[in-house]
Amino acid sequence: MLIQSISRLLSPSFQSQPLKISALRISTTLSAADTLYDHLQEYTTNLEKDLTSLKVKLDSSCINEVIKRCNPNQSQLGLRFFIWAGTQSGHRHSPYMYTKACDFLKIRANPDLIKDVFEAYLKEECLVSVKTMRIVLSLCSQAKLADEALWVLRKFPVFDLCVDTVAYNLVIRLFADKGDLYMAEKLMKEMDCNDLCPDVITYTSMINGFCNAGKIDEAWKLAKGMSKHGCVLNTVTYSRILEGVCKSGDMETVLELLAEMEKEDCGGFISPNAVTYTLVIQGFCEKKRIREALMVLDRMGERGCLPNRVTASVLIQGVLQNDEDVEDLSKLIDKLVKLGGVSLSDCFSSATVSLIRMKRWEEAEKMFRLMLVRGIRPDGLACTLVFRELCLLERYLDCFLLYDEIEKADVKSTIDSNIHSVILLGLCEHGHSWEAAKLAKSMLDKKMRLNVSHIGNIIEALKKTGDEDLMRRLSTV
DNA sequence: ATAGGGTTAG
């Protein structure tokens, strides 16, 4: 969009064609949304039936556009539309769409919308299916609305629908996460009365809730009772308990539990995985018991369990926080990479990120530069944080030099468009027109959006380079 | 149903 404002500033003669092309592209994607939105405005009865009869091909951008237009004043219509769209065969809302719907329709701030829609369904005698219920429950889950989810659960019989385990699990998880374990447990007991049986997922939500509330005994009691319902304790559930014990700080018990999980006679159902080991390592690091954390890494390696990026970043942070010795860090990184599962890039990037978070900026910059010297490519987060810091310090020329070096190593960009824009603007404002022009070209090559508000300054600086080729390319984006 | 660490796209 702002590239277009650049072309306007640059030379009016170039702008007509590209603008027409993009206008055309927008109008084809909007037509489906137009049809649907217009219909929402006109409906009197049978909204859902009529929407279906329009036979519009649904996709996420069209659904997004419709709910966006319903934004401030027509949230209820927007919600009804979103629910209808989700029930259409051939379309399934992505998790991204659920977050968008919650955002645009302000479901969290206005949870009564859900009840209003159901009232309309009843009044207009709309068909409400299990699929409808599933979509509404997913919305409640996204918006973390436990009470509303329970209200929806209670509406199943009103529409002659049977509640299933998936629906119960969703509501139970919401209450358990909220810390209302009384209600969560009540619902779990209620499942039996509906010929439903709690499964491993139900138990895991409950156990997680009890552990977060510091009630490890209650969590154990549940775990012991799982077999009553034919459920077998597995790695995920057991690791939840172990996590709770870690949080309580009793690392001796944690080691006993870990040993229990490692025993062969459990048939491997609860054998620890990378997440389990990482939780234990994290527990020791938080208690500043780094040596023991490192021993857990060895133990993990002996059992053939590979560390991952989380394991690496937890350990590296632990070592950086507790040791002055650079040797320890490089020994650790060597070991991690030798075990496999993480790369040098993962390790050095993690170290850079940890140092920045610990406000040890000079060491972070050294680490970042060392990485480049050794030909190791920094990951996206490390780049973002380093460039953000350099921009705050107004060291735009350094940004450019580092950027150039990273670009030489590889073509795939790990730096987001906003940072590109900030660096570009900084270079322009500090009179580094040549560098700005080179960065602008690189951005054009990547088809990157230019989202800065100081387009005028950028254009003026770029004009100074007298680079006609660049000007032409900017104007024909 | 599994942790953690930014941003983008859909």
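This one's a predicted model, so the numbers in the text were calculated from it and none came from an experiment.

Quick notes on the overall build of chain A
Link 1 in the chain: Within chain A, the regular secondary structure consists of 27 helices and 0 strands.
Link 2 in the chain: For chain A, the spread of C-alpha atoms along the principal axes amounts to about 80 × 75 × 30 Å.
Link 3 in the chain: A burial count over chain A gives 48% of its 477 residues as buried.
Link 4 in the chain: Entry remark: accessible area of chain A is about 24600 Å², with carbon and sulfur atoms responsible for 53%.
Link 5 in the chain: A gap of 3 Å separates the mean positions of the 61 positive and 64 negative side-chain charges of chain A.

Points about unusual backbone geometry
Link 1 in the chain: Positioned with a positive phi, Glu125 is a non-glycine residue whose angle comes to about 50 degrees.
Link 2 in the chain: Position of Glu125 among the secondary structure elements: in the loop between α7 (112-123) and α8 (130-142).
Link 3 in the chain: Here Glu125 falls in the exposed class, since its relative accessible area comes to 72%.

Considerations on the UniProt feature "repeat: PPR" (unreviewed entry) in chain A
Link 1 in the chain: Residues given the UniProt feature "repeat: PPR" (unreviewed entry) here are residues 164-198, 199-233, 234-268, 273-307 and 344-378.
Link 2 in the chain: Measuring from the first to the last C-alpha atom of residues 199-233 gives 10 Å, for a span that is 66% helix and 0% strand.
Link 3 in the chain: The span residues 273-307 shows a helical share of 74% and a strand share of 0%, and its end C-alpha atoms are spaced 9 Å apart.

Observations concerning the packing of helix α14 (residues 235-248) against helix α16 (residues 274-286)
Link 1 in the chain: Closest axis-to-axis distance for the α14/α16 pair is 10 Å, and the angle between their directions is 5 degrees. In terms of their interaxial angle, α14 and α16 are classed as roughly parallel. Here Thr235, Ser239, Leu242, Glu243 and Cys246 of α14 lie close against α16, whose contacting residues are Thr276, Leu279 and Val280.
Link 2 in the chain: In the contact of α14 with α16, the residues fall into 4 nonpolar, 3 polar and 1 charged.

A word on the protein's contact with DNA strand B
Link 1 in the chain: Around DNA strand B there are 27 residues in total, and Tyr96, Val236, Asn273, Leu381 and Arg449 lie nearest to it.
Link 2 in the chain: Measuring from a sugar or linking oxygen of DNA strand B, one finds a side-chain N or O atom of Arg173 at 3.1 Å.
Link 3 in the chain: The side chain of Arg240 places a nitrogen or oxygen atom 2.8 Å from a phosphate oxygen of DNA strand B.
Link 4 in the chain: The residue inventory of the surface near DNA strand B, partitioned by class, reads 7 nonpolar, 12 polar and 8 charged.

Side note on the domain arrangement of chain A
Interface size, as often reported, equals the accessible area lost upon joining of the parts.
Link 1 in the chain: For chain A, the assigned domains read domain 1 (32-162) and domain 2 (416-477).
Link 2 in the chain: Placing a centre on the C-alpha atoms of domain 1 and another on those of domain 2 gives a separation of 43 Å.

Focus on the pattern of salt bridges
For side chains of opposite charge, pairing can occur when their charged atoms come near one another.
Link 1 in the chain: The tally for this structure, following the rule as stated, stands at 23 salt bridges.
Link 2 in the chain: Residue Arg395 pairs with Asp398 through a salt bridge whose shortest N-O separation is 2.8 Å.
Link 3 in the chain: The exposure class of Arg395 is partly exposed, given its relative accessible area of 25%.
Link 4 in the chain: Salt bridges sharing common partners tie together Glu365, Arg369, Arg395 and Asp398.

Thoughts on the confidence of the model for chain A
Link 1 in the chain: Across chain A, the average pLDDT comes to 87, with 91% of residues at 70 or higher.
Link 2 in the chain: Below a pLDDT of 50 lies the segment residues 1-28, which in the model reaches 31 contacts outside its immediate sequence neighbourhood of four places, other chains included.

Description of the environment of Lys338
Link 1 in the chain: Its place among the elements puts Lys338 in helix α19 (residues 326-339).
Link 2 in the chain: Sequence separation of Lys338 and Gly301 is 37 residues, and the distance between their C-alpha atoms is 9.9 Å.

Digging into the environment of Tyr98
Link 1 in the chain: With respect to the helices and strands, Tyr98 occurs in helix α6 (residues 95-105).
Link 2 in the chain: Residue classification places Tyr98 among the buried positions, given a relative accessible area of 13%.
Link 3 in the chain: Spatially, the C-alpha atom of Tyr98 lies 20 Å from that of Val56, the residues being 42 residues apart in sequence.
Link 4 in the chain: With residues up to four places along the chain from it excluded, the contact list for Tyr98 reads Phe82, His93, Ile135, Ser138, Leu139 and Gln142.

Some points on the nonpolar core
Link 1 in the chain: Ranked by internal contacts, the top residues of the largest apolar core, which has 157 residues, are Ile316 and Phe387.
Link 2 in the chain: A domain split of this core shows at least three residues from each of domain 1 (32-162) and domain 2 (416-477).
Link 3 in the chain: Leaving out residues up to four positions away in the same chain, Ile316 has contacts with Leu329, Leu332, Ile333, Leu336, Cys347, Ser350 and Ala351.

Some thoughts on helix α11 (residues 181-193)
Link 1 in the chain: The first and last C-alpha atoms of α11 sit 19 Å apart over 13 residues, in line with the 18 Å expected at 1.5 Å per residue.
Link 2 in the chain: Taken together, the buried positions of α11 are occupied by Leu181, Met183, Ala184, Leu187, Met188, Glu190 and Met191.
Link 3 in the chain: Elements that come into contact with the buried residues of α11 comprise α9 (146-155), α10 (165-178), α12 (200-212) and α13 (216-225).
Link 4 in the chain: Positive backbone phi, approximately 60 degrees, marks Asp195, located one or two places after α11.

Let's talk about α8
Note on helix geometry: an α-helix contains 3.6 residues per turn, so any two residues three or four positions apart are oriented the same way.
Link 1 in the chain: Taking 1.5 Å of rise per residue, the 13 residues of α8 would be expected to cover 18 Å, and the 18 Å separating its terminal C-alpha atoms lies within 8% of that figure.
Link 2 in the chain: Structurally, α8 contributes buried residues whose contacts are with α5 (75-87), α6, α7, α9 and α10.
Link 3 in the chain: Backbone geometry just downstream of α8 places Lys144 in the positive-phi region, at approximately 55 degrees.

Rules of the game
- Residues numbered from 1 in each chain as written.
- Chains lettered and ligands numbered in written order.
- Predicted model: local features only at pLDDT ≥ 70, side-chain atom pairs only at ≥ 80, totals over all residues.
- Heavy atoms only, no water.
- Helix = DSSP H or I, 4+ residues; strand = E, 2+ residues; numbered from the N terminus.
- Buried < 20%, exposed > 50% of the residue type's maximum accessible area, 1.4 Å probe, protein only.
- Areas by Shrake-Rupley, 256 points an atom, 1.4 Å probe, with all protein chains shown as cover.
- Lys, Arg positive; Asp, Glu negative; His and termini not counted.
- Charge placed at Lys NZ, Arg CZ, Asp CG, Glu CD.
- UniProt positions renumbered as here; feature names shortened; annotations may be inferred.
- Axes fitted to C-alpha atoms, helices over the stretch in contact; angles between N-to-C directions.
- Parallel < 35°, antiparallel > 145°, perpendicular 65-115°, else oblique.
- Contact = heavy atoms within 4.5 Å.
- Nonpolar A, V, L, I, M, F, W, Y, C, P; charged D, E, K, R; others polar.
- Near = heavy atom within 4 Å.
- Polar contact = N/O pair within 3.5 Å; in protein donor to acceptor, adjacent residues only side chain to side chain.
- Domains from an automatic or database assignment.
- Salt bridge = Lys/Arg side-chain N within 4 Å of Asp/Glu carboxyl O.
- pLDDT = per-residue confidence, 0-100.
- Core = buried A, V, L, I, M, F, W, Y, C linked by side-chain atoms within 4.5 Å.
- Expected span 1.5 Å × (residues − 1).

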